[in-house]
Amino acid sequence: MSIDKALYQAPVGLDSIVEEDPIEIEIEDPESVKIAMGGMEIEIEPEKETDEDFDANLAEYMSEGELTELVGDLLGDFDDDISARKDWIQTYVDGLELLGMKIEERTEPWEGACGVYHPLLSEALVKFQSETIMETFPSAGPVKTVIIGKETPEIKDAAQRVQDDMNHQLTDVMQEYRPEHERMIWGLGLAGNAFKKVYYDPHMERQVSMFIPAEDIVVPYGASNLQSSPRVTHVMRKTENEVKRLQFAGFYRDVELDTPSGTLDEVEKKIAEKMGFRATSDDRYKLLEMHVDLDLPGYEDKEDGKDTGIALPYVITIEKSTQTVLSIRRNWRPEDETKQKRQHFVHYGYVPGFGFYCFGLIHLVGAFAKSSTSLIRQLVDAGTLSNLPGGFKTRGLRVKGDDTPISPGEFRDVDVPSGAIKDNLMTLPYKEPSQVLYSLLGTIVEEGRRFASAGDMKISDMSAQAPVGTTLAILERTLKVMSAVQSRVHYSMKQDLRLLKEIIRDYTPDEYDYTPEEGTPRAKKADYDLVDVIPVSDPNAATMAQKIVQYQAVLQLAQGAPQIYNLPILHRQMLDVLGIRNAQKLIPLQEDQKPRDPVSENMDAMRNKPLKAFMYQDHDAHLMAHNNFLQDPTTAAILGQNPMAQQITAAMQAHIAEHFGFKYRQLIEQQVGGPIPYVDMDDDEASLPQEYELELSRLVAKASQQLLTQNQAAAAQQEAQQQAEDPIIQMQIKELEIKAAELQRKISKDTSDVQNERERLLIEKLRIEGQLELEAHKLGAQIAKDKDMADRKDSLEGTRIGVDIAKSKDQIKTQKLQIASQIAIAANNKTGKDNK
């Protein structure tokens, strides 16, 4: 609140200020203020009102004096420009008569003499127009797109949308484009110069590209092109209603103009007369739209607040008869800090010369046309005089109806004063048409056609067995001049399409607009920034025949080494040259393919359609499905009956290899531990930096070694598994197992037999030992029993008994040794069988 109060409080010490003279303010003009204070006066002049709109008409803010001075300077420069091209325009006007657009009624050397014109110039002109319009404006449209930078699927789709949209605009929306283009080609061949004016028409609310004849574009002498010319004047004719419409729209100043003078200058009268029109006046305004560089007062170019003195580009429209300025507008883009001149005109040239204006057929073959016209008239007149000769007759000879020619088979009455009829008549010695003149006429016409490149190559004179290269060389030599002209047309038309592209882009929505009849999106503004537009014409070939011969030569080369050529693309381009519609459906390419499942790919392979693998697919599943498909006996039976079986199998194997390549890449990425950049070989601009490529190569080499080791181990294991699963090996293994089991059974039986034998021998040993023990007891008892008897017997009997006992002991010992030997032998036999 204290601040608010301070605004209304008087400063301290204000009362002590000495009272001075009052300030006088005098307002005489609401736009001008004069302030008097003491002995000093301050006059504030109104500043020049500046337009806030960049596209405003600056003539609305300039005084009449400034406009009058500006008009005087510009009209003086315009008159100088007209004078500088006087000789060129005179040659052009005189040559229009040679077109023969009107029949000349001649009275010299007699009434009804031949007034025909030889059609040499018209023939060359019509052929040039027909060839050029078919080359530059085919039925599908004159525009094709070129991708700027790296090609991606998204950019390819955007390029196709831009191409379709511009062709739709030029063929359907801009209905005047093709007629104007054909008129431009006619004027180009005739005068050697033709112009297109590209601009946005607010009345039509769309872009237009209008043809301007060469005589209506005036440039100063010494200018080399439209871009560097300091002044370009477009002479326009507009009706009173058209001018009022533009004034009402605010494009021209709302000033009163006098009634159009309706006068034609000498050039306009001559052109109308030569073309067969009787035009003496024109009830339209003659406007001069001048694209000039000027340093307008009040709108000077400034740098750091100081005038630079640099002339800036403007478009100034003047009504010539009243010298009234209708508009002055800036001719650069608002965002352009350099203030470069915007181009609205495109110059088409036939054969460039020394200056700005090019030479046309009038300048090149006009003399031939004039000479051939003179010769053909002499020949026709000579024939007329030879068929209906004139002569002298005596005054007294009277012929009935002597003022009319005698019809074939007619006899008339003649009154002869004296003598015979032949004595009263003498015909003048008229000769028949000269054969020399006829030969000269043919020579001149042939030279003119050859110079104008309008002659036809005699195909009948060429051998049917001539190589394609020979035919191509003859075509190139014959069409070299026309190919150069078509190349210039291609260059100029590219500038024309680029100007149209800029206007279409500026008025294209930021988002996609779907067309209701097709349901496909039109291009959006961002799409136009991704691509460039060029004509569909080929600057290297002037005619379809030349293109076809070129492709035939390539096809012959491809037959020798088909593996290095992309034959589908080659055939697709051949169909495009022939003008065949829907070539993409007739010859589908891999680039046109979309991701498909393995079954669909198998079906496409059977129909011999192109196959394409994509990086993100499940390659293991695809490989399994494709291999199973090829190994299926039903598939093999069907393919065996197909004459294209070899090609189908080769295409399928190539597709399998493509899937395996992507799979191998995935395996390498797993070893590396990250994704590897993919560079498409079809992209000419795609490449890796040198350092990055070297480091990546080392990583891939290590990863490939690791993968090789793993694959080798897996392959060995798989080989062993496959061998184990081999039926023959399985049978051999089973046989070995049977043999081993039989051997084991034999070993077990032998072991059991040895054991049983051991047990039997042991039992036998125990039995024998027991028996021996028993026998010993028996013997002992017997000995003890007989001892008494022995004592009683003599010593001889005792000795006998002792010998028997010793003998028995030796027998027992021998039996024990035999039993031990048998046991050892049985044990050794069992051990040998076990080892075996």
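Quick caveat: nothing in here was measured; it's all calculated off a predicted structure.

### With respect to the overall build of the protein chain
The secondary structure content of the protein chain amounts to 23 helices and 19 strands. When burial is assessed residue by residue, the protein chain has 32% of its 836 residues classed as buried. Within the protein chain, contacts between residues separated by at least 24 positions form 66% of all contacts whose residues are at least 6 apart in sequence. By element, 54% of the accessible surface of the protein chain is carried by carbon and sulfur atoms, the whole surface being about 53200 Å².

### Things to note about empty space enclosed by the protein
On inspection of all chains with the given rule, the structure shows two cavities of 30 Å³ or more. Lining the largest cavity are Leu226, Val232, His291, Asn331, Lys341, Arg342, Gln343, His344 and Phe345. Taken together, the residues of the lining of the largest cavity sort by class into three nonpolar, four polar and two charged. Reported here for the second largest cavity is a volume of approximately 40 Å³. Around the second largest cavity sit Gln593, Lys594, Arg596, Glu601, Asp604, Pro610, Leu611 and Lys612, which together line it. For the lining of the second largest cavity, a count of residues per class yields two nonpolar, one polar and five charged.

### Observations concerning the packing of helix 9 (residues 361-387) against helix 10 (residues 435-451)
Where helix 9 contacts helix 10, the two axes come as close as 9 Å, and the packing angle between them is 160°. Relative to helix 10, the element helix 9 is oriented roughly antiparallel. Of the two elements, helix 9 crosses helix 10, and the hand of that crossing is left-handed. Of the residues in helix 10, those in contact with Leu364, Val365, Phe368, Ser371, Ser372, Leu375, Ile376, Gln378 and Leu379 of helix 9 are Leu437, Tyr438, Leu440, Leu441, Ile444, Val445, Glu447, Gly448 and Phe451. For the contact of helix 9 with helix 10, the per-class residue count stands at 13 nonpolar, four polar and one charged.

### What about the sheet that holds strand 13 (residues 324-330)?
With antiparallel pairing, the five strands of this open sheet are ordered in space as 7-8-9-12-13. Of all the strands in the sheet, the pair left with one neighbour each is strand 7 (217-218) and strand 13. Note: strand 7 against strand 8 (residues 231-238), two bridges, orientation antiparallel. Counterpart to Val218 in the pairing with strand 8 is Thr233. The sheet contacts of helix 2 (residues 64-84) involve strand 7, strand 8, strand 9 (285-294), strand 12 (312-319) and strand 13, and relative to strand 9 the element is tilted by about 95°. Across the sheet, helix 7 (residues 240-248) is in contact with strand 8, strand 9 and strand 13; its angle to strand 8 comes to roughly 115°.

### A look at helix 10
Here helix 10 contains 17 residues, and its C-alpha end-to-end distance of 24 Å stays within 8% of the 24 Å for a straight helix at 1.5 Å per residue. Contacts from the buried residues of helix 10 go to helix 4 (120-136) and helix 9. The backbone nitrogen of Val436 lies 3.2 Å from a side-chain oxygen of the residue at the head of helix 10, namely Ser434.

### Notes on unusual backbone geometry
Phi is positive for Glu205, which is not a glycine, with a value near 60°. Examined against the element boundaries, Glu205 turns out to sit in the loop between strand 5 (193-201) and strand 6 (206-213). Of the residues examined, Glu205 reaches a relative accessible area of 62% and is grouped as exposed. Phi at Lys339 is positive, roughly 55°, even though this residue is not glycine. One can find Lys339 in the loop between strand 13 and strand 14 (345-349).

### Some thoughts on the sheet that holds strand 6
The strands making up a sheet associate through backbone hydrogen bonding, with each pair oriented either parallel or antiparallel. Read across the open sheet, the three strands follow the order 6-5-14; overall the sheet is antiparallel. The strands lining the two open edges of the sheet, one partner per strand, are strand 6 and strand 14. The sheet shows a mean angle of 20° between the axes of neighbouring strands, direction not considered. With eight bridges joining them, strand 5 and strand 6 adopt antiparallel strand pairing. Its bridge partner being in strand 6, Val198 is matched across the sheet by Ser209.

### Notes on the environment of Asp80
Relative to the helices and strands, Asp80 resides in helix 2. Taking relative accessible area as the criterion, Asp80 reaches 51% and is therefore assigned exposed.

### What to know about the pattern of salt bridges
This model, assessed by the stated rule, comprises 23 salt bridges. One salt bridge in this structure joins Asp81 and Arg231, with 2.8 Å as the shortest N-O distance. Here the residue Asp81 occupies a position in helix 2, and Arg231 occupies one in strand 8, the gap between them amounting to 150 residues. Arg231 carries the same exposure label as Asp81, and that label is buried. A salt bridge links Arg161 to Asp527; the shortest N-O distance between them is 3.2 Å.

### Thoughts on the packing of helix 4 against helix 9
Two quantities define a packed helix pair, namely the angle between the helix axes and the distance between the axes. Viewed as axis vectors pointing N to C, helix 4 and helix 9 meet at an angle of 145°, and their least axial separation amounts to 8 Å. Contacts between helix 4 and helix 9 pair Leu120, Leu121, Ala124 and Leu125 from the former with Leu361, Ile362, Val365, Phe368, Ala369 and Ser372 from the latter. In terms of residue class, the contact of helix 4 with helix 9 is made up of nine nonpolar, one polar and no charged.

What counts, and where the lines are drawn
Residues numbered from 1 in each chain as written. Predicted model: local features only at pLDDT ≥ 70, side-chain atom pairs only at ≥ 80, totals over all residues. Heavy atoms only, no water. Helix = DSSP H or I, 4+ residues; strand = E, 2+ residues; numbered from the N terminus. Buried < 20%, exposed > 50% of the residue type's maximum accessible area, 1.4 Å probe, protein only. Contact = heavy atoms within 4.5 Å. Areas by Shrake-Rupley, 256 points an atom, 1.4 Å probe, with all protein chains shown as cover. 1 Å grid on protein atoms, 1.4 Å probe; cavity = no way out; pocket = protein on both sides within 12 Å on 5 of 7 lines; lining within 4 Å. Points joined across faces, edges and corners; volume = space filled by probe spheres on them. Nonpolar A, V, L, I, M, F, W, Y, C, P; charged D, E, K, R; others polar. Axes fitted to C-alpha atoms, helices over the stretch in contact; angles between N-to-C directions. Parallel < 35°, antiparallel > 145°, perpendicular 65-115°, else oblique. Left-handed = near helix turned anticlockwise from the far one by under 90°. Pairing = 2+ DSSP bridges. Expected span 1.5 Å × (residues − 1). Polar contact = N/O pair within 3.5 Å; in protein donor to acceptor, adjacent residues only side chain to side chain. Salt bridge = Lys/Arg side-chain N within 4 Å of Asp/Glu carboxyl O.

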